[in-house]
Amino acid sequence: MFPELNNLLNTAPDRAEQGKLTLLCDAKTDGSFLVHHFLSFYLKANCKVCFVALVQSFSHYNIVGRKLGVSLTAARECGQLVFLEGLKSSVDVFFRAQAEPHPLQFLREANVGNLQPLYEFVREALKPMEDGQAAWRYPVLLVDDLSVLLSLGLGAVAVLDFMHYCRVAVCWEQKGNIVALVHDSGDAEDEENDILLNGLSHQSHLILRAEGLATGFCRDVHGQLRILWRTPSQPAAQRDRSLTYQYKIQDKSVSFFAKGMSPAVL
Amino acid sequence: MAAAADCGTGAASTGSIGAAACKNVTSFQRKGPRASGTDSGCSRLVSIAGTRPSVRNGQLLVSTGLPALDQLLGGGLAVGTVLLIEEDKYNTYSSLLFKFFLAEGILNGHTLLVASAKEDPADILQELPAPLLDDNCKKDFDEDVCNHKTPDSNIKMKIAWRYQLLPKMESGPVSSSRFGHYYDASKRMPQELIEESKWHGFFFPEKLSSTLTIEPCSLTGGYRKLLQFIQNVIYEEGFDGSNPQKKQKNILRIGIQNLGSPLWGDDICCTENCDNSHSLTKFLYVLRGLLRTSLSACIITMPTHLIQNKAVITRVTNLSDTVVGLESFIGSERETNPLYKDYHGLIHIRQIPQLNNLIYDVSDVKDLAFKLKRKLFTIENTGLQYRVSSHQKLSHRRTEKPLFIK
C-alpha cells in the first residue's frame, strides 16, 4: 500500500471503513497500481480477501506485492487470500469440460451467459467460518478488472447484476468491502462499458479515477488521480467531496503532489 | 515473468514458505543462491538459446528479430506475452516484421508455429529473409553510415551538444551479440536452415473440412480450431511443463497472420455491428491464458485499419501486451511531405506491458519512422521532441533528421 495515498484518503489499515464499494477507473492510462495498493492494504488490515484476477497471472501480483510488503503466497497458504487466477482457469475450463460448474463457466457457453457461478464462488470464498471464531476482520472482494468480462461476451447488465449480488452478500450482509476496476474507454464509443461504468459510479462510495495527462506523456508526472467521495443513499443535494492530485509511480511506491507542483517543474 | 516458475516446478517457486505465521510476522526468507533479480527457475532457463533476462525485472526476453524494435520495447519481447502489430494499409511492412520474428526463431533454434488463413505456412517459411552475417555487413554499411563506427564511442560534440543526451538508436549489427540478428530483406533464408528447424503450420483453409467434436461456443470456427491446435502443440511438446514425458527447454514462437480478417471467418472487419463481436476478444483472452502458462511468445498481425468499431480496437489493445502500429506512407499525402521524404512510414509504440512491475512503462521516444533501405529495415527518430526532466528546465527543440543517430 502507498502511505501517501492512505493519507489522502484519510484511512489506515486498522481503521478503514466497512460496507463500502470502491470503484477504480482509469482513462488513457493504466490504473493497476491502485489494485496493487488495495490488495496490500487489505492484506495488511488482516481482512479475508477474495481476489478475482482476470487479466494477469498470480506471479505478477505476487512480485509486486512483495515490493509493497505483503506475501501473496503466504496469505494464500494460511487462508487469508482466495485467489481466482482467471487466465489459468480459463484455459482449463475452455479445453476440458468440467464436472461441476466452474466460476468461469460462461466461457463455454454459446449464448450470452450470466455470472452466477462466479457469484457462488465469491460467496463460498468469503463466507464466515462456522466455528464462530473470527480469524479475519471482515471480507473484501477485489476484482481486476470488470471491463474484460465485457470482452468475453457478457453484457453490461449481467456484470451489473453480479456486482449487485456481491454487494448484498459482502457489503450488506457481512459488512465487508468491494473494490473493482473498470476501464474508461473515453471516446472509443464502447456503449456497454459506459453503461457499466455509469451504473457502478452511482452505486459506489468512493471513486478513484486515474487519468493520463491531457497534454500527453510526461516522464515525471504519470497522471492525475481524482478522488470522489460519495454517499449513494443520501439525496443528491448534498455535495460530494472531490480532490485531484497528480502522481508519479516509482519502483516501490507512488508519490502524490498537488497539480502543477511536481518536483521536476518547481 | 515467472512463467518459468509456473511451468512444472509447482510449489518450488515458493521459496519463502511461512505458513505458520502470516499475521504479523513477515515470512520472507532469503531464497537459496539463485540468479539475482530473477524469479526462481529462471536461473535454469537462462541457458535457453536466444533469450536473456530483462535488466529491469528479470523477465525472460526473446528478440523480435529487429534489434531496433527490441530496444524500443525495453530489451525484447517477454516470454508469455503477445506482440500485436497493427498492420499498415497494404500489409507490406507488417508481413516483413512477421517474417523477421519467425526468422529469428529459426536462427535461435526455437520451435515455430505459423498460422495463416491466406498463405500456406510452408510458403511463408520459404520467404523468410536471410540473416546478415558479420563479415558481409561491414562493407554494406560503410557507404550508408558515415559516422557509426563504434556505437559506444563518446565523441564530444561541440556544436550540437544537446543531441548528445538523446538516446542512440542501434542500426548497425552488433557483432558479438547472440540476441537479435539483422536480416537482409532481399535474400532468402538458406534452405538448410529452414529444413533443420522444427515448425508446425496451421493453414485455415485446410482445416475447414476437418470435423472436430466441438461443443458450441461463441468462438467462430477458425479461432476455435486454432486455439485447439496451439494448445495441442504446447501440451504435446511440453512447453507448459505439464506433460510428464516431455521436458522441454525451448521457446515456442507463435505467429498468427491477419487475425480478424474475413478469411478467418470473422466479420469484424466488414461491418460495424457484427453478430459475433466477442469472438476475437475471447480468442485473445484464451490465447493469453495459454501463453502465460507456457514458454512461448506470440506475434499477431491484425488489420485494425479495417475494424470499424472503435470499441473493439480498444478492447483488443487492452487484451494484448505489446502493441505496435505501422503506418506506411504508400498512397497517402505524407508521401510527398518533405519531412518524411527519406522514410517509408511511421511506427507507433502504442503499449508496452507492465509485468511484475509497478512502474508505468511507456516508450520514451514518440515520433519514430522506419525505412526499408535496400536491404535493412531501420527505425529512426524524427520530428519534434519535448523533454521535461528533473534536472533540466522545460525545453523543446526541433530535431530534423539528426544524422548522428544511425
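Residues numbered from 1 in each chain as written. Chains lettered and ligands numbered in written order. Predicted model: local features only at pLDDT ≥ 70, side-chain atom pairs only at ≥ 80, totals over all residues. Heavy atoms only, no water.

**A look at the interface of chain A and chain B**
We apply this condition: Residues are treated as being in contact if the distance between any of their heavy atoms lies within 4.5 Å. The term buried area refers to how much accessible surface (probe radius 1.4 Å) is lost by two components on association, counted for both of them together. Any Lys or Arg side-chain nitrogen located within 4 Å of an Asp or Glu carboxyl oxygen qualifies as a salt bridge. Any pair of nitrogen or oxygen atoms within 3.5 Å is treated as a polar contact; in protein, a donor-acceptor pairing is required on top of that, and neighbouring residues in sequence qualify only through side-chain atoms on both sides. A run of H or I in DSSP counts as a helix once it spans at least four residues, and a run of E counts as a strand once it spans at least two, with each numbered from the N terminus. Residues are sorted three ways: Asp, Glu, Lys and Arg are charged, Ala, Val, Leu, Ile, Met, Phe, Trp, Tyr, Cys and Pro are nonpolar, and all the rest, Gly among them, are polar.
Each side of the interface is counted separately: chain A has 63 residues, and chain B has 52 residues. For the pairing of chain A and chain B, the buried interface totals around 5000 Å² over both sides, and the portion due to carbon and sulfur atoms is 58%. Linking chain A to chain B there are 1 salt bridge. Summed over the shared surface of chain A and chain B, the number is 10 residue pairs in polar contact (both at pLDDT 80 or more). When contributions to the side of chain A that touches chain B are tallied by element, the ones reaching two or more residues are helix 2 (32-44), helix 3 (58-68), helix 4 (72-77), helix 5 (86-95) and helix 7 (147-151) of chain A. Class assignment for the residues of the side of chain A that touches chain B results in 27 nonpolar, 19 polar and 17 charged.

**Quick notes on the sheet that holds strand 13 (residues 368-373) of chain B**
All names here are of chain B. Applicable threshold: Only strands that DSSP links by at least two bridges are regarded as paired with each other. Think of each axis as a best-fit line through the C-alpha atoms, taken over the contacting stretch in the case of a helix, with angles from 0 to 180 degrees between the N-to-C directions.
The mixed open sheet is built from 9 strands, whose spatial order is 8-5-9-10-4-11-12-13-14. Across the chains shown, the open sheet's two edge strands, defined by having one partner strand only, are strand 8 (199-203) and strand 14 (376-381). Each strand axis lies, on average, 20° off the axis of its neighbour in the sheet, ignoring direction. Looking at chain direction, strand 5 (residues 111-116) and strand 8 are connected through 5 bridges and run parallel. When the sheet's bridge partners are listed, Ala115 is paired in strand 8 with Phe202. Strand contacts of helix 9 (residues 221-236): strand 5, strand 8, strand 9 (252-256) and strand 10 (296-302), with the helix running at about 170° to strand 8, the strand carrying the most contacts.

**Describing the confidence of the model for chain B**
We apply this condition: How sure the predictor is of each residue is captured by pLDDT, a score from 0 to 100.
Taken as a whole, chain B shows an average pLDDT of 74; of its residues, 68% reach a score of 70 or greater. For the stretch residues 170-177 of chain B, pLDDT sits under 50, and the model shows 15 contacts to residues farther than four places along the chain or on other chains.

**Digging into the nonpolar core**
The condition is simple: The criterion is simple. A nonpolar core is a set of buried Ala, Val, Leu, Ile, Met, Phe, Trp, Tyr and Cys residues joined through side-chain atoms within 4.5 Å. Three exposure classes are used, based on accessible area relative to the maximum for each residue type with a 1.4 Å probe and protein chains only: buried under 20%, partly exposed in between, and exposed over 50%.
Formed by 133 residues in total, the largest nonpolar core has its most connected members in Leu146(A), Ile256(B), Leu259(B), Trp264(B), Phe283(B) and Leu287(B). A total of 10 residues in this core trace back to one element, the largest contributor, which is helix 8 (residues 156-173) of chain A. Residues within four places of Leu259(B) in sequence aside, it is in contact with Tyr223(B), Trp264(B), Leu280(B), Phe283(B), Leu284(B), Ile300(B), Thr301(B), Met302(B) and Pro303(B). In terms of nonpolar packing, the next biggest core, distinct from the first, is built from 42 residues, Leu60(B), Leu112(B), Leu125(B) and Ile251(B) among them.

**Things to note about unusual backbone geometry**
Residue and element names in this part refer to chain A. Residues Asp144 and Asp145 are joined by a peptide bond in cis, for which omega reads -15°. Mapped onto the fold, Asp145 is located in the loop between strand 4 (139-144) and helix 7. The phi torsion at Glu189 lies on the positive side, around 55°, for a residue other than glycine. For Glu189, the location among the structural elements is in the loop between strand 5 (177-184) and helix 9 (191-203). Among the residues examined, Glu189 registers a relative accessible area of 54% and is labelled exposed.

**Some thoughts on the pairing of strand 5 of chain B**
Residues and elements named next belong to chain B. With 6 of its 6 residues buried, strand 5 lies for the most part within the structure. Where burial is concerned, the two faces of strand 5 agree: the one with Thr111, Leu113 and Ala115 and the one with Leu112, Val114 and Ser116 are both buried. Where strand 5 and strand 9 come together, 5 bridges link them in parallel fashion. Across the sheet, Leu112 pairs through a bridge with Arg253, a residue of strand 9.

**Things to note about the sheet that holds strand 7 (residues 223-229) of chain A**
Remark on secondary structure: sheet strands pair via backbone hydrogen bonds, oriented parallel or antiparallel. Residues and elements named next belong to chain A. Pairing within the open sheet is mixed, and its 9 strands lie in the order 3-2-4-5-1-6-7-8-9. The sheet is open, and its two borders are formed by strand 3 (81-85) and strand 9 (254-257), each paired with just one other strand. In this sheet, neighbouring strand axes are inclined to one another by 20° on average, regardless of whether the strands run parallel or antiparallel. The pairing of strand 1 (residues 21-27) with strand 6 (residues 206-211) spans 6 bridges and is parallel. Paired with Leu23 across the bridge in strand 6 is Ile207. Strands in contact with helix 6 (residues 116-126) are strand 2 (48-53), strand 3 and strand 4; relative to strand 2, the strand with the most contacts, it is inclined by about 155°. Sheet strands in contact with helix 9 are strand 1, strand 5 and strand 6, and its direction is about 145° off that of strand 5.

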